[in-house]
Amino acid sequence: MEYYGGMGIEENGKLNLHDYARRAMLSEEFLIDFPRQISAEIKGAAKNSLVAEQSENIKDLRHLLWSSIDNEDSRDLDQIEVVNRLEGENIQVLVGIADVDAFVPQDSAADIFAAKNTTSVYTGVNTFPMLPREFSEDLTSLQEGEERLAIVIDFTVAGDGSVKLNNIYRAIVINQARLDYDSVGNWLDGKGQIAAKGVNQTNLEEQLRLQDQVADRLRMVRERAGALEFGTVEATTEKRDGEVYEVVVKQKNQARYLIENLMITSNVLMSEFLKSKNYPRLERVVRRPERWQRIVELAANFGEKLSFEPDSKSLAEFLEKRRKADPLHFPDLSLSVVKLIGSGDYTAVPPGDKSEGHFGLAVNGYTHSTAPNRRYADLITQRLVKAAINSGAAETPPYNLEELAQIAERCNERQSAERKVERLMRKVVAAQVLSRRIGEHFEGIITGVSGKGTFVRLITPPAEGLVVRGAEGLDVGDRITVKLINTNPARGFIDFERLSESRVED
């Protein structure tokens, strides 16, 4: 094997994508090999040892019909759900979050490693976990049929979608049915069957119907508040014999909306819980978009008028109109608006204070807490919540405001690095896949205009590249037709030429 630009090229001329992903991680200063000290911690963490530590502060909820819905190939399962119909139209919801802190305590070797990377990185080729797989895919994963410790968010959803937090507590749980988005989504749409071993089929189906009903109520309330609903596409890779063959779009279905709404509500309630305990917290903030005027221009192109100042409710109404009017092209508009709003950041919030809020979700307080196996911010929030649960015993928060500010800064910096790696790998994989399609024409949407050039994302496959010819006058959101003229997988380059209307007709 030789190297081009420091990256491996196999004898057949194709990149060794696994090697490339590792080197991409190293170039952004991610740690990719766990130190020996963690091996000792793994060996010392006997399976179910902490579950045996039952006390009056840990509820036994193993008898409930818990289930999880995640990607089919996911092994790091962070959350499970179960619902219960109450009097009238009220529905009780329990969301169980894996108690990762029970096996990865503060300042342990695994915790120190996680604090440096702050996130798992998904390259489409390799997954680089934040925690060793022995933890994230076993001991701290809510695997089917296994006793596990969890943090349970217990709340009630009324018929009008209003939410009341009942409590947050520790519990012993068992995931009774490990389900996936595709099969549940198809079943909710009246296609296919749900298959789960050792579970009463009728009871499970009743559970999922009720969960879907709750999610619809929550979604309705969020939409009324001005929460933004996007139709952005999710790209995933298809493999043959272990090698990437194609990049395809993963459609967002009803099962994904179900989990999304339950998790958003859980994250809001976690924030409110910490605030009620007068604890500092790590909030996820999406500020008012700086490029609001460009969003206003996009709306004007469709004959819609948005307010002069950033307003999520008017934007949400515009997006909903476009989704109904043109569902085929709604993902293109969604992508443009997402780019113009910008990404979120973590920030430390003093006890009792309000955060700057989350523009996209239209909420004033929002924390990441539902994926502690994959995101360090969630693990930090979990430790704060566990201390707050015991606050009646004068429990001191495990982190002060200054420490949280430093963690937020590190998470933000690593988040940026994570995006660079994942964006690069998407380009590298796409360039390798598209290398056999030089000269073909594609529909695309402009996703970025800067000093580095003008970038376009293809509709199908969802690949992004540079418009090297005919980019003059283009801006984010413009829809164009391009011709693929060159690929360089080793550098992740995909070059396009913009086609004029006459050439498109040809």
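Our subject in this report is the structure included herewith. (Residues numbered from 1 in each chain as written. Predicted model: local features only at pLDDT ≥ 70, side-chain atom pairs only at ≥ 80, totals over all residues. Heavy atoms only, no water.)

1. A closer look at a positive patch on the surface
On the surface, a cluster of positive charge is made up of K339, R419, K420, R423, R426 and K452. The element best represented in the positive patch is helix α12 (residues 401-434), accounting for four residues. Looking at the element boundaries, R426 is found in helix α12. (Patch = residues over 30% accessible without salt bridge, like charges linked within 9 Å, V, L, I, M, F, W, Y side chains within 5 Å. Areas by Shrake-Rupley, 256 points an atom, 1.4 Å probe, with all protein chains shown as cover. Salt bridge = Lys/Arg side-chain N within 4 Å of Asp/Glu carboxyl O. Lys, Arg positive; Asp, Glu negative; His and termini not counted. Charge placed at Lys NZ, Arg CZ, Asp CG, Glu CD. Helix = DSSP H or I, 4+ residues; strand = E, 2+ residues; numbered from the N terminus.)

2. Details of the packing of aromatic side chains
In total, this model carries three aromatic pairs according to the counting rule given. Ring centres of F34 and F113 lie 4.3 Å apart, and the angle between their planes is 40 degrees; on these two criteria the pair is classed as tilted. Here F34, found in the loop between α1 (17-27) and α2 (36-44), pairs with F113, found in helix α3 (residues 109-117); they are 79 residues apart in sequence, far enough to count as distant. Of the residues examined, F34 reaches a relative accessible area of 29% and is grouped as partly exposed. The ring centre of Y169 lies 4.0 Å from the NZ or CZ of K59, which sits over that ring. Positioned above the aromatic ring of F30, the side-chain terminus of R414 is 4.4 Å from the ring centre. (Phe/Tyr/Trp six-rings, centres within 6.5 Å; stacked < 30°, edge-to-face > 60°. Buried < 20%, exposed > 50% of the residue type's maximum accessible area, 1.4 Å probe, protein only. Lys NZ or Arg CZ within 6 Å of the ring centre and 35° of its normal.)

3. Some points on the nonpolar core
By size, the foremost hydrophobic cluster in this structure holds 84 residues, and its most contacted members are L61, W66 and L179. Residue contributions to this core peak at nine residues, all from helix α7 (residues 254-276). If sequence neighbours within four positions are ignored, L179 has contacts with S67, S68, I69, D70, V184, I194, A195, A196, L204 and L208. Counting 20 residues, the second largest nonpolar core, distinct from the first, contains I295, V296, L315 and L340. (Core = buried A, V, L, I, M, F, W, Y, C linked by side-chain atoms within 4.5 Å. Contact = heavy atoms within 4.5 Å.)

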